[in-house]
Amino acid sequence: MLIAVRLTPADLYAAVHEIIRMAYPGTRLTLDPEQWDSADIHFLLELSGQNSLWQLDGMIDSNGLTTSKSASFRLAEDDPGTMQKSLNINIKVFCLQLLREHLGRKISSYGILTGVRPVKIIHRWLDQGCSRQQIVDKLHNTFLVDKTKGQLLAEVAENNRSYLPVMPERGRYVSIYTGIPYCPTRCYYCSFPGAVLTNYENDLRPFIDHLLREMNEIGDYINEAGFKVHTIYIGGGTPTVLNLRDLELVLALLEKKFALGKAEEVTVEAGRPDTLSQDKLQLFKDAGVTRICINPQTMKDSTLTLIGRRHTKQQVIQAADFVRQAGIRHLNMDLIVGLPNETETDHLDSLEQVLQLKPDNITVHTMALKRGSPMVLDGGLVMPARQTEAIEGSLAKIYQRLKQVNYLPYYLYRQKNMQANSENIGYSLTGSFCIYNIQMIEERQTIIGMGGGAGSKFVNWQEGTVTGFYNPKNPQAYCADLERLVQRKVDNLRALN
């Protein structure tokens, strides 16, 4: 489906294109006037005015139905940057209201918020002394966020706020991410095909050599500069595809260069239970790992087969038992709502089966339809409105059930092309919050990422800025560019000093 967009001025595109895509997932937008007549949907928006008084006129035409809307508004003439921000908000609100009128339905519970980290807004308002009710009202009145969603965002912020770093420690503490971008198979919903493990020696050996080199060089600078390591997260991919010897090498270097044993929290992502063994878990326990993630995504065997995973729900149960036997303090388990052919009954049944394993954390993901994944290439990008409502219904019941058994929502983030324009939420029992997840999502602590696809976030408290930097996901590209990657990170760390 093609949407022809006509905007005056043309730079309105930056403000409205994500709002339009929320309403029409999977469609293609064009600004080419030559494609106007052949498009399935026509969207017209014109902004006029200057200084404090502005006018918006919009029109949508599809399937013979035309909706028009006009609105005028005033802006305070103060700081130009604040005025531009307010103008953009008004444009997005107008666009969403026009789309709602045309389609006759709610498009997103998040209103015009399209960012990955909506809870950051709440923390800024809490910093200013706002109450929960003031925050919920501001979200609703300014951004058109549903009040129930506003309550959720405020609840998450209140739950994780005490874990955010404070002065004077916040500038000297960092967290470490080590990325192993290999998996045993490619999941149906995954958009990255380049790191499926086929030959251990050919695929992993060069990567491990380069990872250890990066860890050595970054670790030397961390110690030289006097940074202290707060938390460590070993993720992927599936880092537990590494054999015992290579895991020992990685853990030993994390201890030597980053004081793994003194970190407040050390997490290992063991997403595929078929990659875990009792020997590996004993190694993790002896090294000081405090948290293991086992991510079944669903406890329905037919779905596991459909999405390309080589394990069964029984292997999930066995792996969780192994974690408990090893004596590792915290167990996290992930579920995905919105997998192919699954219903609300399936979602709730998977949740109940996971609850029987008594994990400390449960992360509930909403399926994100990633371009380039087999799922989307097979035609899974377009979602009918009734499916959106079904997803929202499942998520609401999961939230209520988890609260009933004392799990608190403590971190939240969003992704592009999520079903129901929803979110991913981490739930936890009191005292078991994953500190690394909070620091990564709220962006109030520097995160140093090493390895394939690893993301770094450099938080400059003096300037109030966050600088992101990512290693290539492709292992070969990562190895080829290692020297430059290390230097860029060291330069960013120097800037913090």
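Coordinates for the structure precede this section.
Caption draft 1: Molecular detail of the pattern of salt bridges. Within this structure, the stated rule accounts for 24 salt bridges. With a shortest N-O distance of 3.1 Å, lysine 106 and aspartate 146 are connected by a salt bridge. Taken together, the residues lysine 106 in the loop between α2 (80-103) and α3 (119-127) and aspartate 146 in the loop between α4 (132-143) and α5 (147-160) connect sequence positions 40 residues apart. Measuring nitrogen to oxygen at the nearest pair gives 2.5 Å for the salt bridge that ties aspartate 220 to lysine 257. Of this pair, aspartate 220 sits in helix α6 (residues 200-225) while lysine 257 sits in helix α7 (residues 244-258); the two residues are 37 residues apart in sequence, bridging distant segments of the chain. Residue classification places aspartate 220 among the partly exposed positions, given a relative accessible area of 41%. We classify lysine 257 as buried; its relative accessible area is 12%. Look at the salt bridges and you will find they share partners, linking Arg117, Lys120, Glu443 and Lys457 into a network.

Caption draft 2: Highlighting α7. With 15 residues, α7 should reach 21 Å at 1.5 Å per residue; the first-to-last C-alpha distance of 20 Å fits that figure. For α7, every residue scored as buried is listed here: Asp246, Leu247, Val250, Leu251, Leu253, Leu254, Lys257 and Phe258. Burial along α7 is one-sided: seen end-on, the buried residues are contained in an arc of 160°.

Caption draft 3: Inspection of the packing of α3 against α4 at higher detail. Look at α3 against α4: their axes get within 11 Å of each other, and the N-to-C directions meet at 125°. Taken together, the axis directions place α3 and α4 in an arrangement best described as oblique. In this structure, α3 crosses over α4, and the sense of that crossing is right-handed. Along the contact surface, α3 presents Ile122, Trp125 and Leu126, while α4 presents Ile135, Lys138, Leu139 and Phe143. Among the residues forming the contact of α3 with α4, the class breakdown is 6 nonpolar, no polar and 1 charged.

Caption draft 4: Examining the environment of lysine 106 more closely. For lysine 106, a relative accessible area of 38% gives the class partly exposed. In sequence terms lysine 106 and threonine 178 are 72 residues apart; their C-alpha atoms lie 40 Å from each other. What lysine 106 contacts, discounting residues up to four positions off in sequence, is Asp146 and Glu392. Within polar-contact distance, the side chain of lysine 106 engages the side chain of serine 109 at 3.2 Å. A polar contact of 3.1 Å, which involves the side chain of lysine 106, links it to the side chain of aspartate 146.

Caption draft 5: Local environment of the environment of leucine 260. Along the chain, leucine 260 turns up in the loop between α7 and β8 (265-269). In this structure the C-alpha to C-alpha distance between leucine 260 and methionine 215, which are 45 residues apart in sequence, comes to 13 Å. Leave out the neighbours within four places in its chain, and leucine 260 touches Ile232, Leu251, Leu254, Glu255, Val266, Ala287 and Gly288.

Caption draft 6: Molecular detail of the sheet that holds strand β4 (residues 53-62). Here we have 5 strands laid out as an open sheet, ordered β2-β1-β3-β4-β5, and mixed in their pairing. Each edge of the sheet is formed by a strand with only one pairing partner; in this case those strands are β2 (28-30) and β5 (65-74). When the angles between neighbouring strand axes are averaged without regard to direction, this sheet yields 15°. By the bridge criterion, 6 bridges tie strand β1 (residues 2-8) to strand β3 (residues 41-50) in an arrangement that is parallel. Along β3, the bridge assignment pairs arginine 6 with leucine 44.

How each quantity is defined
Residues numbered from 1 in each chain as written. Predicted model: local features only at pLDDT ≥ 70, side-chain atom pairs only at ≥ 80, totals over all residues. Heavy atoms only, no water. Salt bridge = Lys/Arg side-chain N within 4 Å of Asp/Glu carboxyl O. Helix = DSSP H or I, 4+ residues; strand = E, 2+ residues; numbered from the N terminus. Buried < 20%, exposed > 50% of the residue type's maximum accessible area, 1.4 Å probe, protein only. Expected span 1.5 Å × (residues − 1). Arc of directions from axis to C-beta. Axes fitted to C-alpha atoms, helices over the stretch in contact; angles between N-to-C directions. Parallel < 35°, antiparallel > 145°, perpendicular 65-115°, else oblique. Left-handed = near helix turned anticlockwise from the far one by under 90°. Contact = heavy atoms within 4.5 Å. Nonpolar A, V, L, I, M, F, W, Y, C, P; charged D, E, K, R; others polar. Polar contact = N/O pair within 3.5 Å; in protein donor to acceptor, adjacent residues only side chain to side chain. Pairing = 2+ DSSP bridges.

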